[in-house]
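Remarks on the overall topology
Now for the letters of each chain:
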Amino acid sequence: MGKEESNGGKNYTGYDDRFSTYVWNSETRQFFGRTGLAWAKLTIFYTIFYIGLAAFAGLCYFLFSKTLTEEHPRWMLGDSLIGTNPGMGYRPMPDPDTNAGSTLIWYTLGKRSDAKFWYRQLDEYVTGVEQSVYNSDVLSCERDMKATNEKSCRVEVSQFGNVCTKANKFGYESGDPCILLKLNRIFGWEPECYGINENGQYDKKLLDDDLNEAEGMPSSLKTYIFSNVNSISDDAKRANFLSTIWITCNGEAKPDQENLGTFAYFPSNRQGISGKYFPYHKQPGYQSPFIFVQLKNPMRDVLINVECKAWAKNIIHDRINRLGSVRFEILIDS
């Protein structure tokens, strides 16, 4: 009929001709709108550009890596964002997948599957600590020994006695649960302990002044420290005892304190964490030191808010920023 073939009433012949000419124009000898020389120049330009870009990125990485070291962070203590005031951590913790952000320890007394979820976490944690006994880089730190920049002190699980143990299910099946408390790691941080002078020796007057100035410290802890120091006759042993980051726990409010019952701390001969484990210097096989606090017969079917604090001269308590303390809740259904 004198018309070009069409598809659905639409003419594509002209478009096909223009596209094929764009791909290869035999008259101008252009491929996709450029001659061979133009394509060669473009290829050379981008090759040089990306090589230069890669070289610049590699140089930046090389220079940046020279400011870092595997042995310690670039910024430490007061120069770092972490700062010089440690926070605290605790175990066991709720499942982060189902209870993200929760700090509630909740189970039904007599229901083994409930209790198992909590004490199994402690079981696994303590097992990991026990395995450090096979690491030759970890010191036993007996008597006056302490950690060095190269080697850390072993956390002896036997010091916690036979209450907060695997065999005892960490008290969860009996309704007297044990909570593991530890300090968060800060590279190079060491505690400034009460009653210890700059030479690491016991100073009676300094101890009196330090405890009097310890704002908010429970009187029960002060009594505990004084009574134990007075029962020790040797100053070196007093210094060893006072080289401690003391730990206290209590209900957050008056009703919580009434519902909590009493506490027991383990190891029983030191209500806190020994200073021998510090400083942390990324030593091989390092295990964070910890203590157990047992909640003895807390009120059933009542949500109880618990707050635990660490005490040393260079630990400041800030509940909002979670410095020097940790908070959790416990609910044991009957």
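Residues numbered from 1 in each chain as written. Predicted model: local features only at pLDDT ≥ 70, side-chain atom pairs only at ≥ 80, totals over all residues. Heavy atoms only, no water.

So, on to the overall build of the chain. In terms of regular secondary structure, the chain is built from seven helices and eleven strands. Taking 20 Å as the expected radius of gyration for a compact globule of 334 residues, we find that the chain reaches 33 Å, considerably beyond that expectation. Principal-axis analysis of the C-alpha atoms places the extent of the chain at approximately 115 × 55 × 40 Å. When each of the 334 residues of the chain is scored for burial, the buried share is 36%. A separation threshold of at least 6 residues defines the contact pool for the chain, and within that pool the share at least 24 residues apart is 72%. In the chain, 37 side chains carry a positive charge and 40 a negative one; their mean positions are 3 Å apart. (Helix = DSSP H or I, 4+ residues; strand = E, 2+ residues; numbered from the N terminus. Rg over C-alpha atoms; globule rule 2.2 N^0.38 Å. Buried < 20%, exposed > 50% of the residue type's maximum accessible area, 1.4 Å probe, protein only. Contact = heavy atoms within 4.5 Å. Lys, Arg positive; Asp, Glu negative; His and termini not counted. Charge placed at Lys NZ, Arg CZ, Asp CG, Glu CD.)

What follows concerns the pattern of salt bridges. For the structure shown, the criterion picks out twelve salt bridges. A salt bridge links Arg 319 to Glu 252; the nearest nitrogen and oxygen atoms lie 3.6 Å apart. Of this pair, Arg 319 sits in the loop between strand E10 (304-311) and strand E11 (325-333) while Glu 252 sits in the loop between strand E6 (244-251) and helix H7 (254-260), placing them 67 residues apart in sequence. (Salt bridge = Lys/Arg side-chain N within 4 Å of Asp/Glu carboxyl O.)

With seven of eight residues buried, E10 lies mostly within the body of the structure. Sheet topology note: the E6/E10 ladder contains six bridges and is antiparallel. Looking at E10, one finds that Cys 249 is bridged to Cys 308. Both E10 and E11 contribute to a ladder of six bridges, which runs antiparallel. Note on E11: the bridge partner recorded for Lys 309 is Ser 325. (Pairing = 2+ DSSP bridges.)

For the chain, mean pLDDT is 86; residues scoring 70 or higher make up 93% of the total. Scored below 50 in pLDDT, residues 1-6 shows four contacts in the model against residues more than four places distant or in partner chains. (pLDDT = per-residue confidence, 0-100.)

So, about the environment of Lys 66. Along the chain, the position of Lys 66 falls in the loop between helix H2 (36-65) and strand E3 (88-91). In this structure the C-alpha to C-alpha distance between Lys 66 and Asp 203, which are 137 residues apart in sequence, comes to 45 Å.

Okay, the sheet that holds E11 next. The strand order across the open sheet formed by five strands is E4-E11-E10-E6-E8, and the pairing between neighbours is mixed. In this open sheet, the two edge strands, each paired with only one partner strand, are strand E4 (104-108) and strand E8 (272-274). Strand after strand, the sheet turns through a mean of 20 degrees between neighbouring axes, direction not considered. (Axes fitted to C-alpha atoms, helices over the stretch in contact; angles between N-to-C directions.)

Further remarks concern the sheet that holds strand E7 (residues 262-266). Backbone hydrogen bonds are what pair the strands of a sheet, in a parallel or an antiparallel way. Spatially, the four strands line up as an open sheet ordered E3-E5-E9-E7, and their pairing is antiparallel. Single-partner strands in this sheet number two, and they are E3 and E7. Strand after strand, the sheet turns through a mean of 30 degrees between neighbouring axes, direction not considered. Where E7 meets strand E9 (residues 290-296), five bridges bridge the pair, whose relative direction is antiparallel. When the sheet's bridge partners are listed, Thr 262 is paired in E9 with Lys 296.

Membership of the largest hydrophobic core comes to 52 residues, with the highest contact counts inside it found for Phe 170, Tyr 172, Leu 181 and Phe 292. Here this core gets seven residues from one element, more than from any other, and that element is helix H3 (residues 112-130). Ignoring anything within four residues of it in the chain, the contact list for Tyr 172 reads Pro 92, Ile 105, Tyr 107, Leu 109, Ala 115, Trp 118, Tyr 119, Leu 122, Pro 177, Cys 178 and Ile 179. The next biggest cluster of nonpolar side chains, apart from the first, holds 18 residues, and it includes Tyr 202, Leu 221, Ile 232 and Leu 242. (Core = buried A, V, L, I, M, F, W, Y, C linked by side-chain atoms within 4.5 Å.)

Moving on to the packing of aromatic side chains. Tallied over the entire structure, the rule returns 20 aromatic pairs. Taking 6.2 Å as the distance between ring centres and 25 degrees as the angle between the ring planes, the aromatic pair formed by Tyr 46 and Tyr 50 counts as stacked. Of this pair, Tyr 46 and Tyr 50 both sit in helix H2, separated by four residues, roughly a single helical turn. We note Arg 185 situated over the ring of Tyr 280; from NZ or CZ to the ring centre the distance is 5.2 Å. (Phe/Tyr/Trp six-rings, centres within 6.5 Å; stacked < 30°, edge-to-face > 60°. Lys NZ or Arg CZ within 6 Å of the ring centre and 35° of its normal.)

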